[in-house]
Amino acid sequence: MDGSAELEAAERVVMRWDSSSASASAAAAAAAADEPMLFDGAGDRAEAERFLRAVDDIRRLAPPSPASVGSPRRLSSGSSALGGAGCSAAQVAMARLEDEFRHVLSSRAFDLEIEALADLTSLSSISTDRSNSVSSIDLPVVEEDDPVSYAVGRRSSYRSLRSIREIDLLPDDAVADLRAIASRMAAAGYGRECAQVYASVRKPAVDASLRRLGVERLSIGDVQRLEWEALEAKIRRWIRAARAAVRGVFASERRLSFHIFHDLPISNVAVAAAVPAAAATHDTPFAEAVKGAALQLFGFAEAISIGRRSPEKLFKIIDLHDALSDLLPDVSDIFAASKAAESIYVQAVEIRSRLADAVRGILSEFENAVLRDPPKTAVPGGNVHPLTRYVMNYSSLISEYKATLSELIVSRPSASARLAAEGNELAPSLAELELPELDNQSPLSAHIIWIIVVLEHNLEGKASLYKDTALSHLFLMNNVHYIVHKVKDSPELWSMIGDDYLKRLTGKFTVAATHYQRTSWLKILNCLRDEGLHVSGGFSSGISKSALRERFKSFNAAFEDAHRVQSGWSVPDTQLREELRISISEKLLPAYRSFLGRFRHHIENGKHPELYIKHSAEDLEIAVNDFFEGVTPSPHNRRRSHG
């Protein structure tokens, strides 16, 4: 068979599948809607193979025609402008292949099981062995030798991490058909149109997958208007969804695009001018299919990164930063290899950088919030101040995020410069504070210590609100004790604070406890001294009974006042409360017993001894157990029987 006859035979095969010729008849168009497809995934494939050979013969034998750009469906209906029957048959062939490509891509796609992506939501650093996962890739690269036939194994030629799971989106035979169709369309100059069909089918599928993963279509404004509690829940969901989307959905889409379009010239003249030829292969249809979904996905993290900074957001933003950092190798793997898709990777890197800036800014804002918290109303009973609890719980959480924060916090706090710049009303006194220089102190450790230093200073201001000096010392004792024990209860925080600074804190606690006991009990214990009770001179010497009676009355009044007042004070830590009571008892009870033993007979031999000796040592011991409960004491019978 000569070339002309071979061309005519190929044209006859193609024209039998020309559905556009019936477009003038509504009935024919309706019938065409139900016409059989060459690549229907079932039945005899001989006709499909015959059609592909005919397309190859027409391209080989037909004279070249002027280059054309546009849908082969539109061009095939106006073939007279193309010159020659062979060119008309070629256009019919391209139109048919476009329809077949769309049909296979739409009808043969698997329903992506989102559940199969569930275990991709964990951090890759702690992910389990996925060697038995669906289409996991750990083997060396397999290159494609034949750019036309579907000769590649089902493995991509880009580096993949163990965290990536590529799921088959279509059966192998369907992917082979799509590759065969795409190679013919690309060879005829319709690679771009083929890619557009691919994107028009796969983009809705990608969008649907992200919706099923829980990715919401939210603008930056929508995100920033959300209450923080609602946003926290969305961040948790986003982290899980992003891992599954990147490692499962996007990775699978890229592999499918690779298997169909690898090494095919898919760009027309207009596209090639903007996209380098080396990049205008399988990456372009992939990028067009997923770019919108990827921008939407990462847009949520971007909205968080540029939102209002406040201390309560720190840890969720660190979670978001860590999740994005964990994903970046996969994002690079999937997107950064081509010009068509690398902007997605660049965006993800920029968002991570902005999240890091947000973390640093929030930590600074937290320090300033501690600085600015003004003395307002004294906490009842000298209890632990809410600011102390908040700051120390916050610091404990900071220590739990040490791995990330140590990378992000690279400079030590500069107290006086920052305070002066901010015009803080506390600046004059705070500027005198010194940040302890400890051996091998990291910038993050310096920030935590600075936070505690500022907290201590703030607490001293709050202690001045108490009119009772003893209560102000008790307040400082409670709060520094809380700080010390929060440090000791957190190994991470302790390791960052260091033993030297912890000793300083413990020393401040001891000083506060000592000052409380001195200011509160020195006056009471002075009532039990001998000074001023002895009289001498003239013809007699001995004890002044009037002075002794006044001494007992003074003691009774002072102790009862202390009992009434200090029972309403608070020492919330059970062990500290008991230790403080024991310390008081160890000073008070021996002194009282001694005083009572030496002088009680002087009172008992006089009138109305019960007016002066109102308490036994046992009464005092019972009364001390009422101290620091934060409530009004219950009455005790402390009257001594003289019957």
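In this text, all values refer to a predicted model and were calculated from it rather than measured experimentally.

**What to know about the overall build of the chain**
- Counting its secondary structure elements, the chain contains 24 helices and 2 strands.
- Long-range pairs, those at least 24 residues apart, make up 81% of the contacts in the chain between residues at least 6 apart in sequence.
- Per element, the accessible surface of the chain, about 29,500 Å² overall, is 53% carbon and sulfur.

**A short note on the pattern of salt bridges**
- Scanning the model with the defined rule gives 35 salt bridges in all.
- A salt bridge links arginine 50 to glutamate 47; its shortest N-O distance comes to 2.2 Å. Taken as a pair, arginine 50 and glutamate 47 lie in helix 3 (residues 46-61) at a separation of 3 residues, close to a single helical turn.
- Between arginine 237 and glutamate 216 there is a salt bridge, with the nearest N and O atoms lying 3.9 Å from each other. Taken together, the residues arginine 237 in helix 9 (residues 228-261) and glutamate 216 in the loop between helix 7 (191-213) and helix 8 (220-225) connect sequence positions 21 residues apart.
- Salt bridges sharing common partners tie together Arg577, Glu578, Arg581 and Glu629.

**A look at the packing of aromatic side chains**
- One pass over the structure, following the stated rule, counts 21 aromatic pairs.
- Look at tyrosine 390 and tyrosine 394: their rings are 5.7 Å apart centre to centre, the planes differ by 55°, and that puts the pair in the tilted class. Here tyrosine 390 and its partner tyrosine 394 are both found in helix 14 (residues 386-400), 4 residues apart, which amounts to about one turn of the helix.
- Given the relative accessible area of 40%, tyrosine 390 is considered partly exposed.
- Given the relative accessible area of 4%, tyrosine 394 is considered buried.
- Arranged with centres 5.9 Å apart and planes meeting at 70°, the rings of tyrosine 516 and phenylalanine 628 form a pair that is edge-to-face. With a gap of 112 residues between them, tyrosine 516 in helix 21 (residues 499-526) and phenylalanine 628 in the segment after helix 24 (617-624) connect regions that are remote in the sequence. Grouping residues by exposure puts tyrosine 516 and phenylalanine 628 together as buried.

**A closer look at the environment of isoleucine 334**
- Turning to its location among the elements, isoleucine 334 is positioned in helix 12 (residues 314-335).
- Expressed as a C-alpha distance, the spacing of isoleucine 334 and arginine 247, which sit 87 residues apart in the sequence, is 8.8 Å.
- Residues within four places of isoleucine 334 in sequence aside, it is in contact with Ile164, Val246, Phe250, Ala251, Arg254 and Phe286.

**Examining the nonpolar core**
- Membership of the largest hydrophobic core comes to 178 residues, with the highest contact counts inside it found for Phe101, Phe250, Leu297, Phe298, Phe335 and Ile398.
- In terms of residues, this core owes the most to one element, helix 9, which gives 16 residues.
- Once residues within four sequence positions are removed from consideration, phenylalanine 335 is found in contact with Phe250, Phe286, Val290, Ala294, Ala341, Glu342, Ile344 and Tyr345.

**Concerning empty space enclosed by the protein**
- Taken as a whole, this structure holds 1 cavity of 30 Å³ or more when the rule is applied.
- In this structure, the largest cavity encloses a volume near 120 Å³.
- Lining of the largest cavity is provided by Gly214, Val215, Glu216, Leu218, Val223, Lys234, Arg237, Trp238, Ala241, Gln296, Gly299 and Phe300.
- Ranked by residues supplied to the lining of the largest cavity, first place goes to helix 9 with 4 residues.
- The class makeup of the residues in the lining of the largest cavity is 6 nonpolar, 3 polar and 3 charged.

**Here's the deal with helix 7**
- For helix 7, which comprises 23 residues, the first-to-last C-alpha distance of 32 Å matches the rise-based estimate of 33 Å (1.5 Å per residue) to within 8%.
- Along helix 7, the sharpest change in direction is near 25° and occurs at arginine 202; proline proline 204 comes one to four residues later.
- Downstream of helix 7 by one or two residues, glycine 214 has phi in the positive range, about 100°.

**Quick word on the packing of helix 3 against helix 6 (residues 172-187)**
- At a minimum axis separation of 11 Å, helix 3 and helix 6 run at an interaxial angle of 15°. It follows from the interaxial angle that helix 3 and helix 6 lie roughly parallel. Where helix 3 crosses over helix 6, the two elements pack in a sense that is left-handed. Contacts between helix 3 and helix 6 involve Leu52, Val55, Asp56 and Arg59 from the first element and Ala180, Arg184 and Ala187 from the second.

**Digging into the packing of helix 22 (residues 545-566) against helix 24**
- For the pair helix 22 and helix 24, the least separation of the axes is 10 Å and the interaxial angle reads 25°. On the basis of their axis angle, the class for helix 22 and helix 24 is roughly parallel. Of the two possible hands of crossing, helix 22 and helix 24 adopt the one that is left-handed. Note on element contacts: helix 24 touches helix 22 through Leu620, Ala623 and Val624, opposite Phe555, Phe559 and His563.
- Of the residues belonging to the contact of helix 22 with helix 24, the class tally is 5 nonpolar, 1 polar and no charged.

**Points about the confidence of the model for the chain**
- Averaged over all residues, the pLDDT of the chain equals 80, while 75% of them reach at least 70.
- Predicted confidence in the chain is weakest over helix 10 (residues 269-274), with a mean pLDDT of 38, and strongest over helix 19 (residues 469-489), with 96.
- Per-residue pLDDT stays below 50 along residues 124-161; that stretch engages in 85 contacts with residues further than four places along the chain or on separate chains.
- Scored below 50 in pLDDT, residues 268-280 makes 12 contacts in the model with residues more than four places away or belonging to other chains.

**Observations concerning the environment of lysine 402**
- Within the secondary structure, lysine 402 sits in helix 15 (residues 402-408).
- Overall, the relative accessible area of 27% leaves lysine 402 in the partly exposed class.
- Note: C-alpha distance between lysine 402 and leucine 444 (42 residues apart in sequence) is 7.9 Å.
- The contacts of lysine 402, once residues within four sequence positions are left out, are Leu444, Glu492, Ser495 and Met496.

**Things to note about helix 21**
- With 28 residues, helix 21 ought to run about 40 Å at 1.5 Å a step, and its terminal C-alpha atoms sit 39 Å apart, in line with that.
- Every buried residue belonging to helix 21 is among Tyr501, Leu502, Leu505, Phe509, Ala512, Ala513, Tyr516, Gln517, Ser520, Trp521 and Ile524, and all of these are buried.

**Some words on unusual backbone geometry**
- In the Ramachandran plot, aspartate 263 falls in the positive-phi region, its phi being about 65° despite a non-glycine side chain.
- Position of aspartate 263 among the secondary structure elements: in the loop between helix 9 and helix 10.
- On the basis of relative accessibility, which here comes to 43%, the residue aspartate 263 falls in the partly exposed class.
- Residue phenylalanine 628 is not a glycine yet carries a positive backbone phi of 70°.

**Remarks on the side chain of lysine 316**
- Structurally, the position occupied by lysine 316 is in helix 12.
- Those residues in contact with lysine 316, other than ones at most four positions away along the chain, are Trp228, Glu232, Ile235 and Arg236.

Analysis parameters
Residues numbered from 1 in each chain as written. Predicted model: local features only at pLDDT ≥ 70, side-chain atom pairs only at ≥ 80, totals over all residues. Heavy atoms only, no water. Helix = DSSP H or I, 4+ residues; strand = E, 2+ residues; numbered from the N terminus. Contact = heavy atoms within 4.5 Å. Areas by Shrake-Rupley, 256 points an atom, 1.4 Å probe, with all protein chains shown as cover. Salt bridge = Lys/Arg side-chain N within 4 Å of Asp/Glu carboxyl O. Phe/Tyr/Trp six-rings, centres within 6.5 Å; stacked < 30°, edge-to-face > 60°. Buried < 20%, exposed > 50% of the residue type's maximum accessible area, 1.4 Å probe, protein only. Core = buried A, V, L, I, M, F, W, Y, C linked by side-chain atoms within 4.5 Å. 1 Å grid on protein atoms, 1.4 Å probe; cavity = no way out; pocket = protein on both sides within 12 Å on 5 of 7 lines; lining within 4 Å. Points joined across faces, edges and corners; volume = space filled by probe spheres on them. Nonpolar A, V, L, I, M, F, W, Y, C, P; charged D, E, K, R; others polar. Expected span 1.5 Å × (residues − 1). Bend = angle between axes of the 7 residues up to and from the residue. Axes fitted to C-alpha atoms, helices over the stretch in contact; angles between N-to-C directions. Parallel < 35°, antiparallel > 145°, perpendicular 65-115°, else oblique. Left-handed = near helix turned anticlockwise from the far one by under 90°. pLDDT = per-residue confidence, 0-100.

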